[in-house]
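Close look at the chain arrangement
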Amino acid sequence: MAFVTGTALLAALVVGCSADSGTDGSAADSKPGEETVAAAAPGKYRTLPEPCRAVETSTLKDLLPGAAELTEEQQQKVYEGTASVTYDTDRRVGCGWKSEDPSSSHTLFIDFERVVSYDPAVSDDDRAREVYTKKETAAGLSSPSATPDAAKSTENAADKEKGAEKDAGKKQTSAASDDASDPTSHALSGPTPEDDGTDAATDPSTGGENTDDGTGTPDESLQPRVLDDLGDSAFLDDLLTRAGSTAQHRTVKVVFRTSNVIVTVEYAEQPTVSTMVPDSKELQEKAQALARKLVEKFSE
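What comes next concerns the included structure. (Residues numbered from 1 in each chain as written. Predicted model: local features only at pLDDT ≥ 70, side-chain atom pairs only at ≥ 80, totals over all residues. Heavy atoms only, no water.)

**Some words on helix 3 (residues 72–80)**
Every buried residue belonging to helix 3 is among Gln75, Val78 and Tyr79, and all of these are buried. All buried residues of helix 3 project into a common sector of 95° when viewed along the axis, lining one side. Across from the buried face of helix 3, at angles greater than 90 degrees, the exposed residues are Glu73 and Lys77. Each element contacted by the buried residues of helix 3 is listed here: helix 2 (57–63) and strand 2 (92–100). Positive backbone phi, at 75°, marks glycine 81, one or two positions downstream of helix 3. (Buried < 20%, exposed > 50% of the residue type's maximum accessible area, 1.4 Å probe, protein only. Helix = DSSP H or I, 4+ residues; strand = E, 2+ residues; numbered from the N terminus. Arc of directions from axis to C-beta. Contact = heavy atoms within 4.5 Å.)

**Focus: the nonpolar core**
Ranked by size, the top nonpolar core spans 35 residues in total, and within it Ile110, Phe112, Val265 and Leu294 carry the most contacts. When residues in this core are grouped by element, the largest group, 7 residues, is from helix 7 (residues 280–299). Among residues more than four places away in sequence, those in contact with phenylalanine 112 are Leu48, Pro49, Pro51, Ala54, Arg91, Arg92, Val93, Ile262, Val263, Leu294 and Phe298. If you look at the next biggest cluster of nonpolar residues, it comprises 8 residues, including Ala128, Val131, Leu141 and Phe235. (Core = buried A, V, L, I, M, F, W, Y, C linked by side-chain atoms within 4.5 Å.)

**Considerations on the environment of aspartate 119**
Considering the arrangement of structural elements, one finds aspartate 119 in the loop between strand 3 (104–114) and helix 4 (124–138). The sequence separation of aspartate 119 and alanine 40 amounts to 79 residues, and the corresponding C-alpha distance is 8.4 Å. Only 2.9 Å separates the side chain of aspartate 119 from the backbone nitrogen of alanine 121, close enough to count as a polar contact. (Polar contact = N/O pair within 3.5 Å; in protein donor to acceptor, adjacent residues only side chain to side chain.)

So, to be careful, I would describe these as geometric facts and stop short of saying anything about function.
Dropping the structure here:
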């Protein structure tokens, strides 16, 4: 009978195990047909500015002329603004201001939304572009670069994103996307004509059109439009409504995207005299000037 020494037996076992391990490892690592997808680049912005401090006092004085008639203490309260209530200040913040004088009232509202993609194949910038495009479309506008194929791609990516957000439990982002489909609603609790307890309806005498040239003919340069010189993408909307049966209320909205952040500026005026129509050109110029300052702030 042949006997195998302990040393020889141990060596044989070690060789056998090594061979088996190599075979199993190769089988586990090799998965035919599987492709590795590189994670998309994160957005440029990881935080948001404090909204109630984003507008300089000198600018607020120009936008809220009624505050000049108040006491110093009252002015300070007006210029401090009122922050919007949000669930995640790293994702969305806003602030509103309001002033009144004997001739009119003015309201200002700004909203900062930082878009984050939960799809590793979609970058934060691309997801922000999709959200912005929905807002632009809801306003009845479209960029020249928007094509049917691009819109279809946006819808498909948005569907994937909604599923990812649901799994991650991000209710706030879903709510923001829903707001984009309603052109008359505020993403956050900004000032609206309804705040005065009156119902707003489009003024039938003007059809909501801008006729600030004094001829009664709509001024094309003041109509809602896409803006080419503001951030990565931008548009302006202008809506004239009648509050109840008296005062006329005009709201100018400027929305722009810079990387993965979408900024909304809303500036409104309501004269106390029903025959007075808020000056569209002045409101648009001031809203755009503020938007440009905010672009610079994000570029700092």
